[in-house]
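# A closer look at the structure
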Amino acid sequence: MSLADVKYLPETPAHDAEIEAINDEAFGPGRFVLAAYKIREAGGHDRSMSFVAVEDSTVIASVRMTRVAAGAGRAMMLGPLAVRPAFKNLGIGRRLVAIALEAAAKAGAPAVMLVGDEPYYGPLGFKRFPRGQITMPRPVDLDRLLHHEIKPGAVARFVGEVSHADTARVADLASAAVRAQASPQVSVDPVAPQQRAS
């Protein structure tokens, strides 16, 4: 196989079964208890920023992106990134990450985060979050929480527990409704000022 034969394509529903097989091969059934999977379960991933590597019409690698939120911050969460064993260490995974980061920037995403190994993702532009800045809904090694800032100041706004952006949006709407109900209502006096008794 030549790397020239590998095509990088936007993910479509037709790729789902092969992507699932690749992720199962790479991470096994234990992946479903991981913190990142819990977040993805709340709303799924964003196909517009998810990609596959294909050789002879067979998916050999995949990367997905999910919209996430923490505090006032918003970002994309990269992962899972998986490559079939026969195609590892050829730069295919790194190329998929670069394509996904470029798509995130074009879409206006302020930052990209992930749970992964710094020695692999560091050269691709990722840094560790300051310890304690964010938490995940399930236990995770804090040294594996990494970020890639696209818009200056975006990472500083990303604080607290990370959740799927859809879940955060619903929570924000509910919070706004509660605040609106708790606010004192301003009543309008129908009597014109000049008609008031002095």
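Residues numbered from 1 in each chain as written. Predicted model: local features only at pLDDT ≥ 70, side-chain atom pairs only at ≥ 80, totals over all residues. Heavy atoms only, no water.

## Description of the pattern of salt bridges
Quick reminder of the rule: Salt bridge, as applied in this entry: a Lys or Arg side-chain nitrogen positioned within 4 Å of an Asp or Glu carboxyl oxygen. Here a strand is any run of E in DSSP of at least two residues, a helix any run of H or I of at least four, and the numbering for each starts at the N terminus. Per-residue accessibility, obtained with a 1.4 Å probe over protein chains only, is compared with the maximum for each type, and a residue is labelled buried under 20%, exposed over 50%, and partly exposed between these values.
Overall, the coordinates contain 11 salt bridges when judged by the stated rule. With a shortest N-O distance of 3.3 Å, Lys106 and Glu102 are connected by a salt bridge. Taken together, the residues span about one helical turn, with Lys106 and Glu102 both in helix 3 (residues 92-106) at a distance of four residues. Across the salt bridge formed by Asp143 and Arg128, the nearest N and O atoms sit 3.3 Å from each other. Remark: Arg128 occurs in strand 6 (residues 127-128) and Asp143 occurs in the loop between strand 7 (134-135) and strand 8 (145-149); sequence separation between them is 15 residues. We classify Asp143 as partly exposed; its relative accessible area is 29%.

## A look at the side chain of His147
Quick reminder of the rule: N or O atoms within 3.5 Å of each other form a polar contact, as long as, within protein, one can give a hydrogen and the other can take it, and as long as residues adjacent in sequence are counted only when both atoms are side-chain atoms. Contacts: residue pairs with any heavy atoms within 4.5 Å of one another.
With respect to the helices, strands and loops of the structure, His147 is situated in strand 8. Classification of His147 by relative accessible area gives buried; the value is 10%. A polar contact of 3.5 Å, which involves the side chain of His147, links it to the backbone oxygen of Arg128. If sequence neighbours within four positions are ignored, His147 has contacts with Val112, Met113, Gly125, Phe126, Lys127, Arg128, Phe129 and Val155.

## Notes on the nonpolar core
For clarity, the cut-off: To qualify as a nonpolar core, a set must consist of buried Ala, Val, Leu, Ile, Met, Phe, Trp, Tyr and Cys residues joined through side-chain atoms within 4.5 Å.
Counting residues in each nonpolar core, the largest one holds 28 residues, and the members touching the most others are Met65, Leu78, Val97, Val112, Tyr121 and Phe126. With eight residues, helix 3 is the largest single contributor of residues to this core. Every residue in contact with Leu78, bar those within four places of it in the chain, is listed here: Arg40, Val63, Arg64, Met65, Val97, Ala100, Val112, Met113, Leu114 and Tyr121. Counting 17 residues, the second largest nonpolar core, distinct from the first, contains Ala35, Met77, Ile134 and Val162.

Read these as geometric descriptors, not functional statements.
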